[in-house]
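Read off the chains here:
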Amino acid sequence: LFLTKNTPRAWIMSLGPDEFLARANGSHESTQQWEFSQMFGEDDETSQDESTDNWISSLSFDSTGAYLAVGYNCGQVVVLYQEDEHTYQLCCEFKSHNSEFDCLTSTEIEEKINAIEWYPFSGKNPQLMTCNDKTIKLFRVAMPNSDHDSGFPNARPRRVFQGGHAFNINSLAFNSDGETFISTDDLTINLWNVEIASEAFNIVNIKPDNMETLQEVITRSDFHPTSCNLFVYATSKGIMRMGDLRDSSLCDRPCKEFSDPAGAMGGFFEELVATISDCKFSPNGHFLLSRDYLSMKVWDLRKVNEPVQRIKFHEHLIPKLCDLYESDNIFDKFGCCWSGNSLQVMSGSYNGDFYICDAFQPGNITQLTLKANDSTWGQFDTSNKALHLDWHPKQDIISVGAKDCGYIYVRKDNVEDES
Amino acid sequence: MDKLAPVALLMDELKNDDIQLRLNSIRNLPRIASGMGEERTQQELLPFIQDSLQDEDEVLFALAEELGKFTDFVGGPSFVHLLFPALEVLAGVEESFVRDKAIQSLTSLSAHFTDKVLDEFLKMWKRLATSEWFQPRTSACCLFHIAYNQAPLNAKPELLSVYKALAADTVPMVKRSAFADFKLFVGTLMKDTPPITEVLAILQTLSKDDLDTVRLLAVENAVALGTLMGTEFSNQHLKPLLLGFSADKSWRVRYMFGSKIGEIISILGKNQVQAEALSQFLRLLKDPEAEVRVASTSAISALGPTLNLDAGIAKTIISAIRSITGDESYHVREALAPSVFGLASFLGKEGTTEHILPILSTLLKDEEQEVRHSVVSHLGKVVSILGVEELSQHLLPIIISLAEDRQWRVRISATLYIPLLAQQLGVEFFNKQLLGLSHQLLTDCVATIRAALGKSLAEITGFFGAEWAQQVLIPKIMDLSHHNNYLYRITLLQTLALLVPSLEPDFIENSLISPIFSMSKDPVANVRINVCKVVAAFSKKLSNRSYASLYQPLLSELQRDSDHDVQYFATQALLDHP
């Protein structure tokens, strides 16, 4: 009757939004037990190295959950493979991007991997797309042929999509039609065909005629998981706009605009904390999750003027906002994600903390802390921030990245997806 | 030793790190195979190739291409099936351009399938179509029309049911690939024997699919089926489908409807129904999405035949078209001219004058130069319908203003159009109206225009003849020889050089000699260089004797010119005609 972690996902996906909400609201999950399973990364406690080159900059499970890709500030990408229920092993590692010098603006284009997205349809060899500030690349991870003796998985670039963005790319998203994807920078969104690297269509452009009047930038975007025509983008004003590719060739006029004026905190820092750092459609396609600095909000796609839930787990930061502003931490971009059954959401925080919350049950929040560095025990460590995280699409396994380490946690009574 | 060498050598080369060497060895396969002979190719080379299919995409692409031409090396058409194992793998790899090449090779091989080979092909096709990976399944979709067309009658139902499964595949790319092959599949069917219920069912299901990329293909697929089955079938079964596309929520589907309106109307046949499709189309001319309006506007010329249906319909069409001149997007207005001029031949002279001319005039005054440019480039279509008088009254003022437009690209298109006008309107008219204009354009500040006009004048001389050029044209432009701007003196010389092939030798001997002589003493070296070039052109028209007496001394003197380049060109001219 009520949805629990054991409910088959295929059935959950078939529910319409109202039925889903009715069943989700009634369920009372027992306190969850999450267990630390493994860590991967440098974690050199003795190292005095201040460099952030080895810090994680993006993290993503593929559509089956069998693969986990991790991107780093230095342009490396590591792909892990799920060997058994709880363990991920190294599959391959490769340098995705190199830093470049832009002659036109005399600036360096960093090699930092801003986003990783897996191609949604699995063939014999999985494919993933990575990007830095300016260039997007599609890689194929070739699995060794069982007939071949020397068989190490290796990643080969298949396509390079360049020249589409004047500003820094912040997100990538594949369309459910398997043929197109969008890439988003501060002011524009481009639609590409996976097979064609020489052309892109611009579908959103919020650049004002006079750049001095610029007030709003795009922070993230996402494609709907099943409708090939819907996508959403979030802005620094705390607004999310949904576009419909069927409406027009240039989707400057959104078909829906989600905003929460009633949820505004007020005060000096209102605008800064309202900016949305991540947004994601729920796997069942009926809801949206947004992460602003102090909270997560769950939205019903049919209701644009307020979210169905405001999950406030950062209240303890409000008295510290002044300090956080001074240290620039108020601009940190935390990621967020859904569980595979669309019932729970997760986001990270400082001190190595991260929060797993019931999306539709107010107050049901589980706080976990990553294995902390001894030296920072007891202090409020803003450098240890869990910015990047993802949830296995079919099992209750999560991965969190903070600094240079990635962590995998497994729900104690983990049950594999029966669908 | 000699017999072992080719394969061993190939094996070594294909293990080389350098991809260029590997590519070269693949490209050498025909030579290797013909050297080995058919039997050894079958028994050694092909199995080796089958084992070497782990490589870079470029190498696999080359291999797929070479295998498509291997019929002779493998022993002729009866042995082509031996190529299938390798091609089957290549048709299933990740990289789409490799798969496409493998499909292409299989397609070309299919032209000569023997029965046994066909049997193997169908087995391979089924394996591809039921593979657990989606890439082979999409390749199977591309080959379906071949499989079905050649399969024996009793095998067709099963093939069709496999195709139906592909058309309902969960992976969107497979579904789309299946629907893309539909048109080709229908093209192979004969009217009386197709399994029409099933084919129609597939079309109807996929035409309502949620995926935009699938629905996009529905219009042309419906048209293909309608073309096969005829107008009665189309009206009964395809009409609601087709009319539905014009109201699809996705602008891309509406775009397809608009651009294919000509074909849609022709398969629907009956007047009544055509009127219905027509009214939907006219609505699309006002669609909120500009891309749809552009596509529909471009397709207007396809409406030509329907204009004769009845006066009411013609009137509706005309008034819809007229309002496009005010469209807010200049891309739409730009598409209007070429499209609407296509209607001229159906409207006849009166209709064109009454309806098309006003539109033309409005567009020629458009503020966007692309719009004006598109009108000028396509005026040819309408000139043959309208007569000289209409043209001189309506168009000429506009043409002249175009030739005086401040944008050079507009001026040049007017320039290139002058020969056509000349040809249509005749000598009298040209002399009266366009001669002065041509002279004016010869002193245009943009060099490209002057050069273009020179070419146009040469063309016109071709229509009007040497006498006209000698008596009318050249006297008119000769005053440029003492223009105080050297650029225009050069223009004159370059134009003369272009006209020379059409001129008569007498004229060259008598009338051109003094202006040429005086310009050979021009203070500007560049002018003197061009004199040399013109004289070189003369040499081909004049007899040796007259050339020698008249122009050689001139050239000899220029050989001693103070400017090196003048010396050079004078020498060249003398060399051309020793």
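Thresholds, definitions, all that
- Residues numbered from 1 in each chain as written.
- Chains lettered and ligands numbered in written order.
- Predicted model: local features only at pLDDT ≥ 70, side-chain atom pairs only at ≥ 80, totals over all residues.
- Heavy atoms only, no water.
- Helix = DSSP H or I, 4+ residues; strand = E, 2+ residues; numbered from the N terminus.
- Rg over C-alpha atoms; globule rule 2.2 N^0.38 Å.
- Buried < 20%, exposed > 50% of the residue type's maximum accessible area, 1.4 Å probe, protein only.
- Contact = heavy atoms within 4.5 Å.
- Areas by Shrake-Rupley, 256 points an atom, 1.4 Å probe, with all protein chains shown as cover.
- Pairing = 2+ DSSP bridges.
- Axes fitted to C-alpha atoms, helices over the stretch in contact; angles between N-to-C directions.
- Salt bridge = Lys/Arg side-chain N within 4 Å of Asp/Glu carboxyl O.
- Core = buried A, V, L, I, M, F, W, Y, C linked by side-chain atoms within 4.5 Å.
- pLDDT = per-residue confidence, 0-100.
- Expected span 1.5 Å × (residues − 1).
- Buried area = accessible area lost by both parts, 1.4 Å probe.
- Polar contact = N/O pair within 3.5 Å; in protein donor to acceptor, adjacent residues only side chain to side chain.
- Nonpolar A, V, L, I, M, F, W, Y, C, P; charged D, E, K, R; others polar.
- Parallel < 35°, antiparallel > 145°, perpendicular 65-115°, else oblique.
- Left-handed = near helix turned anticlockwise from the far one by under 90°.
- Phe/Tyr/Trp six-rings, centres within 6.5 Å; stacked < 30°, edge-to-face > 60°.
- Lys NZ or Arg CZ within 6 Å of the ring centre and 35° of its normal.

Enquirer: Looking at this structure, I do not really get the overall build of chain B. What am I missing?
Expert: From N to C terminus, chain B includes 36 helices and 0 strands. Scaling as 2.2 N^0.38, a compact globule of 578 residues should have a C-alpha radius of gyration of about 25 Å, whereas chain B reaches 34 Å, well beyond that. For chain B, the C-alpha atoms occupy an extent of roughly 85 × 80 × 35 Å along the three principal directions. Of all 578 residues assigned to chain B, the portion counted as buried reaches 54%. Contacts in chain B between residues at least 24 apart in sequence constitute 69% of all its contacts with a sequence separation of at least 6. A total of about 25,500 Å² of accessible surface is found on chain B, and carbon and sulfur atoms cover 52% of it.

Enquirer: Explain the sheet that holds strand E16 (residues 218-223) of chain A to me, please; I cannot follow it from the model alone.
Expert: Hydrogen bonding along the main chain pairs the strands of a sheet, whether they run parallel or antiparallel. Residues and elements named next belong to chain A. Taking strand neighbours across the sheet as the criterion, the 4 strands line up as E16-E17-E18-E19 in an open arrangement whose pairing is antiparallel. Unpaired on one side and paired on the other, E16 and strand E19 (256-258) mark the two borders of the sheet. Strand-to-strand twist of the sheet, defined as the mean angle between neighbouring strand axes without regard to direction, takes the value 20 degrees. Looking at chain direction, strand E18 (residues 240-244) and E19 are connected through 3 bridges and run antiparallel. If you follow Arg241 over to E19, its bridge partner there is Glu257.

Enquirer: Please explain the pattern of salt bridges as it appears in this structure.
Expert: Side chains that carry opposite charge are capable of pairing whenever their charged atoms lie near each other. Applying the stated criterion across every chain, the model contains 48 salt bridges over all chains. Where Arg159(A) meets Glu195(A), a salt bridge forms, and the shortest distance between an N and an O atom there is 2.7 Å. Here Glu195(A) lies in the loop between strand E14 (188-193) and strand E15 (196-205) and Arg159(A) lies in strand E11 (residues 154-161), a separation of 36 residues in the sequence. Between Asp260(A) and Lys297(A) there is a salt bridge whose closest N-O contact spans 3.0 Å. Of the two residues, Asp260(A) is situated in the loop between E19 and helix H3 (270-274) and Lys297(A) in strand E22 (residues 295-300); the sequence distance between them amounts to 37 residues. This pair shows no difference in class: Asp260(A) is buried, exactly as Lys297(A) is. Put simply, Arg246(A), Asp210(B), Asp212(B), Arg215(B) and Asp248(B) are held in one network by salt bridges that share partners.

Enquirer: In this structure, what is going on with unusual backbone geometry? I would like to understand it.
Expert: What you tend to see is this: most non-glycine residues have negative phi, and most peptide bonds are trans. Residues and elements named next belong to chain A. Phi is positive for Asn351, which is not a glycine, with a value near 65 degrees. Judged by relative accessible area, Asn351 falls into the partly exposed class, the value being 23%. In the Ramachandran plot, Lys403 falls in the positive-phi region, its phi being about 55 degrees despite a non-glycine side chain. The residue Lys403 is located in the loop between strand E29 (397-402) and strand E30 (405-411) in this model. The exposure class of Lys403 is partly exposed, given its relative accessible area of 22%.

Enquirer: How do you make sense of the side chain of Arg333(B) when you look at a structure like this?
Expert: Residues and elements named next belong to chain B. For Arg333, the location among the structural elements is in helix H21 (residues 330-341). Judged by relative accessible area, which is 8%, Arg333 ranks as buried. Beyond its immediate stretch of four places on either side in the chain, Arg333 contacts Ile324, Thr325, Asp327, Glu328, Leu363, Asp366, Glu368 and Val371.

Enquirer: Is there a simple way to explain the sheet that holds E14(A) in this structure?
Expert: Residues and elements named next belong to chain A. Here 4 strands make up an open sheet; going across it, the order is E12-E13-E14-E15 and the pairing antiparallel. Both edges of this open sheet fall to strand E12 (171-174) and E15, since each of them pairs with a single strand only. Looking at each pair of strands side by side, their axes are set apart by 25 degrees on average, direction ignored. Note: E14 against E15, 6 bridges, orientation antiparallel. Its bridge partner being in E15, Trp192 is matched across the sheet by Ala200.

Enquirer: Before we go on, may I ask you to explain the nonpolar core in this structure?
Expert: Side chains that are nonpolar tend, in soluble globular proteins, to be buried together. Within the largest apolar cluster, 221 residues are counted, with the highest numbers of intra-cluster contacts made by Leu67(B), Leu90(B), Phe121(B), Trp125(B), Leu225(B), Leu512(B) and Tyr551(B). Looking at this core element by element, the count peaks at 9 residues for helix H33 (residues 525-538) of chain B. Tyr551(B) has contacts with Ile508(B), Leu512(B), Ile513(B), Ile516(B), Val535(B), Phe538(B), Leu542(B) and Ser546(B), leaving out every residue within four places of it along the chain. Membership of the second largest hydrophobic core comes to 20 residues, among which are Leu289(A), Val298(A), Ile311(A) and Phe313(A).

Enquirer: Can you help me understand the confidence of the model for chain A in this one?
Expert: The predicted structure's coordinates, where accompanied by low pLDDT, should not be read in detail. Summing up the model confidence of chain A, the mean pLDDT is 89 and the portion of residues at 70 or higher is 91%. Every residue in residues 414-419 of chain A scores below 50 in pLDDT, and together they form 13 contacts with partners more than four places removed in sequence or on other chains.

Enquirer: It is not clear to me how helix H7 (residues 96-109) of chain B should be interpreted in this structure. Could you clarify?
Expert: It helps to recall that an α-helix has 3.6 residues per turn; residues three or four apart then point in one direction. In this model H7(B) runs 20 Å from its N-terminal to its C-terminal C-alpha over 14 residues, within 8% of the 20 Å that 1.5 Å per residue would give. Listed in full, the buried residues belonging to H7(B) are Ser96(B), Val98(B), Arg99(B), Lys101(B), Ala102(B), Ile103(B), Ser105(B), Leu106(B) and Leu109(B). Residues of H7(B) that are buried sit in contact with E11 of chain A together with helix H5 (57-67), helix H6 (84-90), helix H8 (115-129) and helix H9 (134-150) of chain B.

Enquirer: Sorry, what's going on with the interface of chain A and chain B here?
Expert: Each side of the interface is counted separately: chain A has 28 residues, and chain B has 26 residues. The largest per-residue losses of area from chain A upon contact with chain B belong to Lys124(A), Glu179(A) and Arg246(A), which jointly make up 29% of the total buried on that side. Linking chain A with chain B are 7 salt bridges. Linking Arg158(A) and Glu95(B) is a salt bridge whose minimum nitrogen-to-oxygen distance equals 2.9 Å. The interface formed by chain A and chain B includes 12 residue pairs in polar contact (both at pLDDT 80 or more). Looking at the side of chain A that touches chain B residue by residue, the class counts come to 5 nonpolar, 13 polar and 10 charged.

Enquirer: When you look at the pairing of E16(A) in this model, what are you seeing that I'm missing?
Expert: Look at any regular strand and the pattern is simple: side chains alternate between the two faces of the sheet. All names here are of chain A. Taking burial as the measure, the 6 residues of E16 include 6 buried ones, the bulk of the element. In the sheet, E16 pairs with strand E17 (residues 230-235) via 5 bridges, with the strands oriented antiparallel. The residue bridging Ser221 from the neighbouring strand is Tyr233, located in E17. Between the antiparallel neighbours E16 and E17 lie 6 residues.

Enquirer: What exactly am I supposed to notice about the environment of Arg372(B) here?
Expert: Residues and elements named next belong to chain B. Structurally, Arg372 can be placed in helix H23 (residues 369-378). Considered as a pair, Arg372 and Asp18 are 354 residues apart in the sequence and their alpha carbons are 55 Å apart. The residues touching Arg372, leaving out its near neighbours within four places in the chain, are Leu363, Leu364, Asp366, Glu367, Leu402, Asp405, Gln407 and Val410.

Enquirer: When you look at the packing of H7(B) against H9(B) in this model, what are you seeing that I'm missing?
Expert: Between two packed helices, both the angle of their axes relative to each other and the distance between the axes serve to describe the pair. Residue and element names in this part refer to chain B. Where H7 contacts H9, the two axes come as close as 10 Å, and the packing angle between them is 25 degrees. Overall, the two elements H7 and H9 adopt an arrangement that is roughly parallel. At the point where H7 passes H9, the crossing takes the right-handed sense. When H7 is examined against H9, the residues Arg99, Ile103, Leu106 and Thr107 are found in contact with a partner set consisting of Gln135, Thr138, Ser139, Cys142, Leu143 and Ile146. The residue makeup of the contact of H7 with H9, split by class, is 5 nonpolar, 4 polar and 1 charged.

Enquirer: Any chance you could explain the packing of aromatic side chains here in plain terms?
Expert: Enumeration according to the criterion identifies 45 aromatic pairs over all chains in this entry. On the basis of an interplanar angle of 65 degrees and a centroid distance of 6.1 Å, the ring pair of Tyr119(A) and Phe121(A) is categorised as edge-to-face. Accessibility classification places Tyr119(A) together with Phe121(A) in one group, the buried group. Ring plane angle 75 degrees and centroid distance 5.3 Å describe the contact between Phe161(A) and Trp192(A), whose orientation is recorded as edge-to-face. Remark: Trp192(A) occurs in strand E14 and Phe161(A) occurs in strand E11; sequence separation between them is 31 residues. Across the pair, Trp192(A) and Phe161(A) agree in class, each one buried. Among the aromatic side chains, those forming a connected cluster through ring pairs are Trp125(B), Phe144(B), Tyr148(B), Tyr163(B), Phe179(B), Phe182(B) and Phe185(B). Here the basic side chain of Lys156(B) rests over the ring of Tyr148(B), its NZ or CZ set 4.8 Å away from the ring centre.

Enquirer: When you look at the environment of Phe231(A) in this model, what are you seeing that I'm missing?
Expert: Residues and elements named next belong to chain A. Mapped onto the secondary structure, Phe231 falls in strand E17. Judged by relative accessible area, which is 0%, Phe231 ranks as buried. Residues Phe231 and Lys333 lie 102 residues apart in sequence; the distance between their C-alpha atoms is 21 Å.

Enquirer: Teacher, can you tell me more about the side chain of Ser481(B) here?
Expert: Checked against the element boundaries, Ser481(B) lands in the loop between helix H29 (466-477) and helix H30 (486-499). In this structure, Ser481(B) is in contact with Arg489(B), Leu492(B) and Met519(B), ignoring residues within four places of it in sequence.

Enquirer: Explain H29(B) here, please?
Expert: Of all the residues in H29(B), the buried ones are Ala466(B), Trp468(B), Ala469(B), Gln470(B), Leu473(B), Ile474(B) and Ile477(B). Elements that come into contact with the buried residues of H29(B) comprise helix H27 (427-441), helix H28 (447-464), H30 and helix H31 (505-510) of chain B.

Enquirer: Is there a simple way to think about the environment of Leu67(B) in this case?
Expert: The topology assignment puts Leu67(B) in helix H5. When near neighbours in sequence (up to four residues on either side) are disregarded, Leu67(B) contacts Leu46(B), Ile49(B), Leu83(B), Ala86(B), Leu87(B), Leu90(B) and Leu109(B).

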